[in-house]
Amino acid sequence: SGTLLEGKRGLIMGVANKNSIAWAIAQQLKAQGAELCFSYIEAMESRVRPLADEIGVDFLVPCDVTQDDSMAACFGAIEEKWGKMDFLVHSIAFSDKEELKGSFVENTTRENFKQSLDISAFSFVDAAKRASKLMPDGGSMITLTYLGSERVIPSYNVMGVAKAALEAATRYIARDLGPQGIRVNAISAGAIKTLSLGGISGGRSLIAEGRTWAPLREDTDPIGVAGAALYLLSDLGKSCTGEVHHVDAGFHIVGMPDPEALKG
Ligand code: NAD
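Residues numbered from 1 in each chain as written. Predicted model: local features only at pLDDT ≥ 70, side-chain atom pairs only at ≥ 80, totals over all residues.

**Description of the pairing of strand β1 (residues 9-13)**
- Burial within β1 is extensive, with five of its five residues counted as buried.
- Covered by surrounding structure in β1 are Arg-9, Leu-11 and Met-13 together with Gly-10 and Ile-12, the residues of both alternating faces.
- The pairing of β1 with strand β2 (residues 35-40) spans five bridges and is classified as parallel. When the bridges of β2 are listed, Ile-12 appears paired with Phe-38.
- A crossover connection joins β1 to the parallel β2 through helix α1 (residues 21-31); in handedness this β-α-β unit is right-handed. (Buried ≥ 20, exposed ≤ 12 C-beta atoms within 10 Å, placed from the backbone. Helix = DSSP H or I, 4+ residues; strand = E, 2+ residues; numbered from the N terminus. Pairing = 2+ DSSP bridges. Right-handed = clockwise from strand over helix to strand, strands pointing away.)

**Looking at the site of the ligand**
- Contacts to the ligand come from 27 residues, most closely from Ala-16, Ser-20, Leu-144, Thr-194 and Ser-196.
- Broken down by element, the shell around the ligand gets its largest block of residues, three residues, from helix α7 (residues 195-198).
- Counted by class, the shell around the ligand contains 19 nonpolar, seven polar and one charged residues. (Near = placed C-beta within 6 Å. Nonpolar A, V, L, I, M, F, W, Y, C, P; charged D, E, K, R; others polar.)

**Side note on the UniProt feature "binding site: NAD(+)" (unreviewed entry) in the chain**
- The UniProt record marks Gly-14, Ser-20, Ile-21, Asp-64, Val-65, Ile-92, Lys-163, Ile-192, Lys-193, Thr-194, Leu-195 and Ser-196 with the feature "binding site: NAD(+)" (unreviewed entry), using the residue numbering of this structure. The named residues occupy 183 residues along the chain; their greatest pairwise C-alpha distance, 23.5 Å, places them well apart from one another.
- Summarising the element assignment, Lys-193 is placed in the loop between β6 (182-189) and α7.
- In this structure, Leu-195 sits in helix α7. (UniProt positions renumbered as here; feature names shortened; annotations may be inferred.)

**Observations concerning the sheet that holds strand β7 (residues 244-247)**
- Spatially, β3-β2-β1-β4-β5-β6-β7 is the arrangement adopted by the seven strands of the open sheet, whose pairing is parallel. Since the sheet does not close on itself, it has two edges, and those belong to β3 (60-62) and β7, each with one partner. Taking each pair of neighbouring strands and ignoring which way they run, the sheet shows an average axis angle of 20 degrees.
- Of the pairings in the sheet, the one linking strand β4 (residues 87-90) to strand β5 (residues 139-145) comprises four bridges and is parallel in character. Note on β5: the bridge partner recorded for Leu-88 is Met-141.
- Sitting on the sheet, helix α5 (residues 110-132) is in contact with β1, β4, β5 and β6, with an inclination near 165 degrees to β4.
- Across the face of the sheet, helix α6 (residues 157-177) comes into contact with β5, β6 and β7 while running at roughly 160 degrees to β6. (Axes fitted to C-alpha atoms, helices over the stretch in contact; angles between N-to-C directions. Contact = placed C-beta atoms within 7 Å.)

**Things to note about the UniProt feature "active site" (unreviewed entry) in the chain**
- In the numbering adopted here, UniProt assigns the feature "active site" (unreviewed entry) to Tyr-146 and Tyr-156.
- Inspection of the secondary structure assignment puts Tyr-146 in the loop between β5 and α6.
- Ignoring sequence-local partners within four residues, the contact set of Tyr-146 consists of Lys-163, Ser-188 and Ala-189.
- By the C-beta count within 10 Å, which is 26 here, Tyr-156 ends up buried.
- Apart from the residues within four sequence positions on either side, Tyr-156 is in contact with Leu-100, Gly-148 and Ile-200.

**A closer look at the nonpolar core**
- Ranked by size, the top nonpolar core spans 77 residues in total, and within it Ile-12, Val-15, Ile-25, Val-225 and Ala-229 carry the most contacts.
- Looking at this core, the element that brings in the most residues is α6, giving eight residues.
- For Ala-229, the residues in contact, after removing those within four places along its chain, are Ile-25, Gln-28, Val-89, Ile-142 and Ile-187. (Core = buried A, V, L, I, M, F, W, Y, C linked by C-beta atoms within 7 Å.)

Below, the structure is given as structure tokens:
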């Protein structure tokens with residue numbers, strides 16, 4: 001434990017259970033002295049409360065990012081309790097799992113395209129706008145993305161398009177909020193076994209392939225993602241904004257698997 005975030009307050013959006021990337025991040029930030037608020041969707045409340053208890057977080061707010069009144073109530077609660085905030089962690093995505101398989105061009109519907117982009121990309125724009133109003137002293141924001149935005153990954157389909165929008169949005173938000181001293185970055189994590197990964201057809205093979213292709217020959221560890229979050233959200237990350245930082249055991253740099261690795 002340390003003091004890198006002593007006196008800093010922030011909102012973590014997207015803890016659903018103990019496998020959530022947001023949970024790994026929350027534990028790391030708490031260990032560095034941060035004061036946290038968790039927002040969660042109602043259906044996950046029974047999973048989220050015990051986790052919050054575990055690290056002494058008693059400020060929890062329900063928030064469905066598709067509902068304007070729910071977003072307003074969430075940030076209203078923070079304004080009321082804290083007056084201002086220092087950081088935001090956006091760790092939210094959703095798509096109909098019926099469309100996270102097979103042909104992208106055949107399977108993508110207008111309805112789910114809108115829903116996926118709304119929950120997985122627009123919600124960061126909306127949260128950043130609301131959070132920025134509570135950051136008179138500057139701040140730092142991060143979101144979570146995946147390589148499927150840059151490369152074609154089997155089954156990732158419309159989520160890849162949503163992540164491309166999310167990464168572009170990160171750059172535009174960074175441009176707009178930079179003059180207020182607010183840094184805005186994305187972490188591109190390698191495949192990790194979570195609830196969300198379970199919605200992707202063949203999600204487990206994304207982990208297995210990563211292990212074979214990645215220079216480090218290992219799974220992406222949520223601890224590494226949490227470490228990157230700490231860097232970006234604390235003053236260690238000073239001068240860094242608008243960046244998409246990969247934490248994926250190096251998977252994204254490789255053009256084809258090493259024939260030696262395929263043999264093993
Ligand atoms: P997760 O299922 O634990 O987290 C997803 C979260 O999104 C959940 O807390 C869920 O409640 C929330 N959510 C969904 N719809 C919502 C809504 N309408 N309003 C509010 N919240 C809503 O899975 P995770 O893997 O920890 O995902 C977190 C982020 O990390 C996502 O953006 C995901 O795309 C990204 N990511 C995941 C991986 C991976 O392999 N697991 C890799 C790279 C990036």
